[in-house]
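# Chain and residue survey
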Amino acid sequence: MLRALPVTVVLGIIAVIWYAGAVWLNAQWVYDQADRAGTVVTFAEVVPQTMAQDRPLLPPPHQVAAELWDGVAGQAVTSKRSLVYHAFKTLQATLLGFGLGIALGVGLAVAIVYSRTMEKSVMPWAIISQTVPIVALAPMIIVMASQAGIEGKMIPKGIIACYLSFFPVLVGMVKGLRSPDAMQLDLLATYNASGLQNFLKLRLPSSMPYFFASLKVAIAAALVGAIVGELPSGATEGLGARMLVGSQFGRPLDMWAALFAAAILAGLLIVLVGWLERVLRRRMGVVA
Amino acid sequence: MKDTGGPQAPVIAAAGLNLTFQTADGPVHALRDVNLTVGKGEFVSFIGPSGCGKTTFLRCIAALETPTSGSLTVNGMSADAARRARAYGYVFQAAGLYPWRTIAGNVRLPLEIMGFSKADMEARVERVLELVELSGFGRKFPWQLSGGMQQRASIARALAFDADILLMDEPFGALDEIVRDRLNEELLKLWNRTEKTICFVTHSIPEAVYLSTKIVVMSPRPGRITDVIDSPLPRERPLDIRDSQAFIDIAHRVREGLRAGHHEE
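### Here we look at the overall build of chain B
Secondary structure summary: chain B contains eight helices and ten strands in total. For chain B, whose C-alpha radius of gyration is 18 Å, the value lies close to the compact-globule estimate of 18 Å for 265 residues. With the C-alpha coordinates of chain B rotated into their principal frame, the extents come out at 55 × 40 × 40 Å. When each of the 265 residues of chain B is scored for burial, the buried share is 55%. Partitioning the contacts of chain B with sequence separation of at least 6, the portion at a separation of at least 24 is 71%. When the accessible surface of chain B is split by element, carbon and sulfur atoms take 51% of a total near 11400 Å². Charge separation in chain B, taken as the distance between the mean sites of 31 positive and 32 negative side-chain charges, equals 5 Å.

### Focus: the layout of surface pockets
Of the voids in this model, the largest pocket is the one considered here, and its volume is about 230 Å³. Looking at the largest pocket, the residues that line it are Leu200, Lys201, Leu204, Pro205, Met208, Arg283 and Met284 of chain A together with Trp100 and Arg101 of chain B. Residue contributions to the lining of the largest pocket peak at five residues, all from helix H9 (residues 195–230) of chain A.

### Structural notes on helix H5 (residues 116–129) of chain A
Helical geometry: 3.6 residues make up each α-helical turn, so side chains three or four residues apart lie on a common side. All names here are of chain A. Taking 1.5 Å per residue as the helical rise, H5 with its 14 residues ought to reach 20 Å, and the 20 Å between its terminal C-alpha atoms agrees with that figure. Along H5, the helix axis deviates most sharply at Val122, where the bend reaches about 30°; the proline Pro124 sits within four residues downstream. Taken together, the buried positions of H5 are Val122, Met123, Ala126 and Ser129. Its buried side turned inward, H5 meets helix H4 (83–114) and helix H7 (154–177). Near the N-terminus of H5, the side chain that reaches the backbone nitrogen of Thr117, with its oxygen 3.3 Å away, is that of Ser115.

### Notes on the pairing of strand S1 (residues 12–23) of chain B
Residues and elements named next belong to chain B. Looking at chain direction, S1 and strand S2 (residues 26–38) are connected through nine bridges and run antiparallel. Across the sheet, residue Phe21 finds its bridge partner in S2, namely Val28. The turn joining S1 and S2, which pair antiparallel and follow one another in sequence, is formed by two residues. Note: S1 against strand S4 (residues 69–74), five bridges, orientation antiparallel. Residue pairing across strands places Ala14 opposite Leu72, the latter belonging to S4.

### Digging into the sheet that holds strand S6 (residues 88–91) of chain B
Residue and element names in this part refer to chain B. Across the sheet, which stays open at both edges, the six strands sit in the order S6-S7-S8-S3-S9-S10 with mixed pairing between neighbours. Two strands bound the open sheet, and with one partner strand each, they are S6 and strand S10 (224–230). With strand direction ignored, the average angle separating the axes of adjacent strands in the sheet is 15°. Bridge count between strand S3 (residues 43–47) and strand S9 (residues 214–219): four bridges; the pairing is parallel. Residue pairing across strands places Ile47 opposite Val217, the latter belonging to S9. Against the sheet, helix H1 (residues 54–61) contacts S3, S6, strand S7 (165–169), strand S8 (197–202) and S9, and its axis sits at roughly 150° relative to S8.

### What about the pattern of salt bridges?
In the structure shown here, the tally under the stated rule is 24 salt bridges over all chains. A salt bridge links Arg251 of chain A to Asp254 of chain A, with the shortest nitrogen-to-oxygen separation between them at 2.7 Å. Look at Arg251 of chain A and you get partly exposed, because its relative accessible area is 39%. Each of Lys201 of chain A together with Arg101, Arg108, Glu112 and Glu122 of chain B takes part in one network of salt bridges that share partners.

### Quick notes on the domain arrangement of chain A
Residues and elements named next belong to chain A. With domains assigned, chain A is organised as domain 1 (4–58) and domain 2 (83–283). Every contact between the two is made by five residues of domain 1 and, on the other side, six residues of domain 2. Of the roughly 430 Å² buried where domain 1 meets domain 2, counting both sides, 70% is carbon and sulfur surface. On the domain 1 side of the contact with domain 2, Trp18, Arg55 and Pro56 bury the most area, a combined 67% of that side's loss. Inspection of the region where domain 1 meets domain 2 yields zero salt bridges. At the boundary of domain 1 with domain 2, the tally comes to one residue pair in polar contact (both at pLDDT 80 or more). Here the residues of the side of domain 1 that touches domain 2 are counted per class, giving three nonpolar, no polar and two charged.

So, how was this worked out
As a convention, each chain's residues are numbered from 1 in the sequence order in which they are written. Each chain is given a letter, starting from A, and each ligand a number, starting from 1, according to the order in which they appear as written. Confidence filtering applies because this is a predicted model: local features only for residues at pLDDT of at least 70, side-chain atom pairs given and counted only at 80 or more, and all residues used for totals across whole chains, interfaces and linings. Computation of side-chain values covers all heavy atoms of the structure but excludes hydrogens and water. For helices the rule is a DSSP run of H or I covering at least 4 residues; for strands it is a run of E covering at least 2, with both sets numbered from the N terminus onward. Our radius of gyration is a C-alpha quantity, and the globule rule it is checked against amounts to 2.2 Å times the number of residues to the power 0.38. Under the scheme applied here, a residue whose accessible area is under 20% of the maximum for its type counts as buried, over 50% as exposed, and between as partly exposed, the area being computed with a 1.4 Å probe on protein chains only. We call two residues in contact when some of their heavy atoms are within 4.5 Å. For the area figures, the Shrake-Rupley method with a 1.4 Å probe applies, and any residue is considered shielded solely by the protein chains shown. We score Asp and Glu as negative and Lys and Arg as positive, and we do not count His or the chain ends. Note that the charge is assigned to NZ on lysines, CZ on arginines, CG on aspartates and CD on glutamates. The pocket and cavity definitions rest on a 1 Å grid over protein atoms only: a 1.4 Å probe that fits but cannot leave marks a cavity, an open set with protein on both sides within 12 Å along at least five of seven lines marks a pocket, and residues lining either have an atom within 4 Å of a point. Grid points are joined across faces, edges and corners, and a volume is the space filled by probe spheres set on the points. To estimate the expected span of a helix, subtract one from its residue number and multiply by 1.5 Å. Bending is quantified residue by residue as the angle between axes fitted to the seven-residue window ending at that residue and the seven-residue window starting at it. Polar contact criterion, stated in full: a pair of N or O atoms within 3.5 Å, where within protein one must be able to donate a hydrogen and the other to accept it, and residues adjacent in sequence count only if both atoms are side-chain atoms. The pairing criterion for strands is at least two bridges between them, as found by DSSP. Fitting a line to C-alpha atoms yields each axis, with helices limited to the stretch in contact; the angle taken between N-to-C directions then spans 0 to 180 degrees. Just to be clear on terms, a salt bridge is a Lys or Arg side-chain nitrogen sitting within 4 Å of an Asp or Glu carboxyl oxygen. Throughout the structure description, domain borders are defined by an automatic or database domain assignment. Using a 1.4 Å probe, buried area is obtained as the accessible area two parts lose upon being combined, added over both of them. Side-chain classes are defined by residue name, with Ala, Val, Leu, Ile, Met, Phe, Trp, Tyr, Cys and Pro counting as nonpolar, Asp, Glu, Lys and Arg as charged, and the others, Gly among them, as polar.

Here is the structure:
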C-alpha cells in the first residue's frame, strides 16, 4: 500500500495536468463553434464540451482509455481495427529485431574482446552508426529491402529494430566479457584452460549482469525501431502505421490509443526481460 | 646455496634467476640472482617485506611470469611445460570463488577443464571437501560462507586434481589471527596426509616458522634471497610448539635476516 503511494501521487498529478491541458487546448474549438452559431458560452458550459470531442487537439485521459479499451477488447483480434492485431505485428518485428540485435551485439562483442584489430576497426563504426538518425535511414532500408526482393515488411522492420538494439548489447557485453579480473584469468591459466573454456567458464557467466542490463535498453530500442520502421513504408499494419494514419487523417484518438498501446507493450517486454533475469540470477546463486 | 633436495631430483630448481620489469620509470629488478632448490615433500615459506619478489618468484614457478634470465625447472621440466602438464595447484591471496557456482561447483571447475569423468569428479569433490573440513557445504554458494571457509574451499579447488605441488600466495593474509591459526594447523595436517610439496608466501614470521621445513628470507630492491633456513622442528607440530626455544630461535634468525636485508639499502 505504502509502495503504491508515490506512483499514485505522480499519476494523479499527471491526470490533473492532462485534464487542464485538454480543457485549455480543446476550448478554442468550442468557442469557434459558438462564434459560428452566434451564441455565447460560459466557461462552465465549455468544460464539458472539451471532454467529448470527436477530433480533440488533446484528448482527455478517459477518452484515450475508452478508445484503447475499444481497440483492445472491443474488436476481434484478427480485425484491422483491433489494437491487439497491430500490436502483434509490431511485436513480431520487435522480437525479430531484438533477436538479431542480440546475435549481432554479442557476436561483435566477442570479436572485439578477442581481437585488437576488431576493436580498433569495428567499435568506432558501431558508435557512428548510432549517431545516424534512424528516421532518415528507415525509408532507405525499406526501399532497399523491396529492391532486394524481400517480401513483406517484416524483415526490413526487423532490420531497423536490430540496428537500434544491437548497440546497447554490444557495449554491455564488451564491458561484461572484460569484467573478470587478472586473478581469475591467472587461475584459469594455472589449469591450462583453453580459450574456449576461458570464455564459457569465466567470461560468459561474468558478463551476465551486464548482458541483462543492456537487454532492458535493447528491447525498448527494438520496439522504437519497429515502430519507426512502420512509419515511412505506407504500412497498413502495426502500431506505427496506426499512429501515422491517425495523425494523417485527423483521428487523434486513434493516434493516442496506439501510442498507449505501444507504451504498454514496451512495459510488458521490459517486465518479461526482468523476469528472465531473475530466473537466471536465481540459478546463478544470487538472491533476487 | 646448498642443496637440501635429498637424493631425488629436486621438484623445483632455480639457478641464477633474474626478472626485470620494464616500467615507465625504468627497469625494476623484481628478482636478482635467485638460486633455490626445493625437494619433494618440503614445505617452503617465502618471507620478506612488500616488493621483495616473493610473489613474483612463486608466479615464475607457476609460469604466470617469465624470468628474464637464468634457469628454472619444475618437476624436471620448464615451468611452462609444468603448467601445461598441470603440475601444481595455485591458491591466491583472495579465495576468488565464482559467485555463480556452488562450493562443489567451484571445486569441480578445474576438473571440468581438465576433462575428468563425471563419476571421478563427484568422488574427488567429496574427498577434497572432506580434506578441508567442508563436507556438507558443497551445495552452498560462496556468499553463504565466511572468509575462512571460502579460503578453505579455494584450497580444496587447488587440491582437487591432485597435483604434487601446491603454490600458495599469502592465502591467509586477509583473515583474522584466530582463523589463521586454525587454518595453519589444518594446512600442516593436510600436508602430512597428502605429502605434497608446498611453496607458501607469507609476511608473518610465526606463520612461516610454524609451517615450514625451509624458510626462504627475501629482501627488496632488487628482490633477492638473503637467507635460507632449514627448520629443525619436527614434522608433527602442535600449536604450542610456538612457545618452545627452538621455535623462538628460528623466529629470531628470520627477523635478523629481514633486518639485515633492510640495512643493505
